[in-house]
Amino acid sequence: MKVKIDYDLCMGDRNCNKVCPEVFAYDQDKLISLVLVDVVPAPLEDAVRQAARECAPGAIIVEE
């Protein structure tokens, strides 16, 4: 699985960072979340899916 963020939609509310800090980080300068990995480790896939579901603007894009 891969994941990316549509930076035009990201509101920087940090929900994804709270749900899965192993995959998402927060950029203090740009006020947006970042993806830390190229490929999501299998044990974290459910957390990434949850973060995508909880992303209010739909900025998290999961590629199965």
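Quick summary incoming for the structure in this document. Everything numeric in this text was worked out from a predicted model, so none of it was measured. (Residues numbered from 1 in each chain as written. Predicted model: local features only at pLDDT ≥ 70, side-chain atom pairs only at ≥ 80, totals over all residues. Heavy atoms only, no water.)

**Overview of the environment of L44**
Step number 1: Among the secondary structure elements, L44 is positioned in the loop between strand 3 (32-35) and helix 2 (45-54).
Step number 2: Along the sequence, L44 and C16 sit 28 residues apart, while their C-alpha atoms lie 12 Å from each other.
Step number 3: Not counting residues up to four positions away in its chain, the partners in contact with L44 are C20, E22 and V23. (Helix = DSSP H or I, 4+ residues; strand = E, 2+ residues; numbered from the N terminus. Contact = heavy atoms within 4.5 Å.)

**Re the pairing of strand 1 (residues 2-5)**
Step number 1: Only one face of strand 1 is buried: it carries V3 and I5, and the other face, with K2 and K4, is open.
Step number 2: Bridging between strand 1 and strand 4 (residues 60-63) involves four bridges; their strand directions are antiparallel. Residue K2 lies in a different strand from strand 4, and its bridge partner there is E63. (Buried < 20%, exposed > 50% of the residue type's maximum accessible area, 1.4 Å probe, protein only. Pairing = 2+ DSSP bridges.)

**Observations concerning unusual backbone geometry**
Step number 1: Located in the positive-phi region is R14, a residue other than glycine, with phi close to 70°.
Step number 2: Its place among the elements puts R14 in the loop between strand 1 and helix 1 (15-19).

**Re the pattern of salt bridges**
One side chain can pair with another of opposite charge once the charged atoms of both are near each other.
Step number 1: According to the stated counting rule, one finds four salt bridges in the structure shown.
Step number 2: With a shortest N-O distance of 3.4 Å, K4 and E63 are connected by a salt bridge. Of this pair, K4 sits in strand 1 while E63 sits in strand 4, and the two are 59 residues apart along the sequence.
Step number 3: Linked through salt bridges whose partners overlap, the residues forming this network are E45, D46, R49 and E64. (Salt bridge = Lys/Arg side-chain N within 4 Å of Asp/Glu carboxyl O.)

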